[in-house]
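Chain by chain, the residues run as shown.
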Amino acid sequence: VQLQASGGGLVQAGGSLRLSCAASGRTFSSYAMGWFRQAPGKEREFVAAITWSGGRTYYAASVEGRFTISRDNAKNTVYLQMNSLKPEDTAVYYCAADRLATQIRNRYQYDYWGQGTQVTVSS
């Protein structure tokens, strides 16, 4: 599975962005998908994840209620809608694919990663 993230950019605090992650390969619908982010000097952290069917979603406490993860298996794409953005959301955002989905918040469980897209939120 190859992943290509897009949609990042510069936005003012309170604004919105939608990230997309396009996947290649016929087995996309077999994978749970996650979004992670990494700010300068910090560890890569979990943001959100969605099961292969889209039936369950998971969020970090810091983004709960502001971000929404979704997927379209027909388009091999996962999305992250980000609303009410804050300066602390500034980071490089990565999408990732997890075949087993046993520890969906754990970045070490993910099998494939996209290249990352920069999100910058100005105050």
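Everything below is about the structure shown above.
Residues numbered from 1 in each chain as written. Predicted model: local features only at pLDDT ≥ 70, side-chain atom pairs only at ≥ 80, totals over all residues. Heavy atoms only, no water.

Asker: Help me out: how do you make sense of the state of the cysteines in this one?
Answerer: Defined simply, a disulfide is a covalent bond joining two cysteines at their sulfur atoms. A complete count under the given rule lists one disulfide for this structure. A disulfide bridge connects C21 with C95, and the sulfur atoms are separated by 2.1 Å. Given an S-S torsion of about 60 degrees, the disulfide between C21 and C95 has right-handed geometry. Highlighted residues: C21 in strand 3 (residues 17-23) and C95 in strand 9 (residues 91-98), separated in sequence by 74 residues. (Disulfide = S-S within 2.5 Å. Helix = DSSP H or I, 4+ residues; strand = E, 2+ residues; numbered from the N terminus.)

Asker: Would you mind showing me how to read the pairing of strand 4 (residues 32-38) here?
Answerer: Each regular strand shows side chains that alternate between the opposite faces of the sheet. Most of strand 4 sits inside the fold, with six of its seven residues counted as buried. By the bridge criterion, seven bridges tie strand 4 to strand 9 in an arrangement that is antiparallel. Residue R37 lies in a different strand from strand 9, and its bridge partner there is Y93. Examined bridge by bridge, strand 4 and strand 5 (residues 45-50) share five bridges and lie antiparallel to one another. Residue pairing in the sheet places M33 in a bridge with I50 of strand 5. (Buried < 20%, exposed > 50% of the residue type's maximum accessible area, 1.4 Å probe, protein only. Pairing = 2+ DSSP bridges.)

Asker: Please clarify how the pattern of salt bridges should be interpreted in this entry.
Answerer: Pairing between side chains of opposite charge can happen when their charged atoms approach one another. Inspection of every chain in the model, using the stated rule, returns four salt bridges. Here E45 makes a salt bridge to R37, at a shortest N to O gap of 2.6 Å. Residue R107 is joined to E43 by a salt bridge in which the shortest nitrogen-to-oxygen separation is 2.7 Å. Here the residue R107 occupies a position in the loop between strand 9 and strand 10 (112-113), and E43 occupies one in the loop between strand 4 and strand 5, the gap between them amounting to 64 residues. (Salt bridge = Lys/Arg side-chain N within 4 Å of Asp/Glu carboxyl O.)

Asker: I keep staring at the sheet that holds strand 3 and nothing clicks. Help me out?
Answerer: Across the sheet, four strands lie side by side as 1-3-8-7; this open sheet has antiparallel pairing. Pairing within the sheet leaves two strands with one partner each, and these edge strands are strand 1 (3-6) and strand 7 (67-72). In this sheet, neighbouring strand axes are inclined to one another by 15 degrees on average, regardless of whether the strands run parallel or antiparallel. In terms of strand pairing, strand 1 meets strand 3 through four bridges, oriented antiparallel. (Axes fitted to C-alpha atoms, helices over the stretch in contact; angles between N-to-C directions.)

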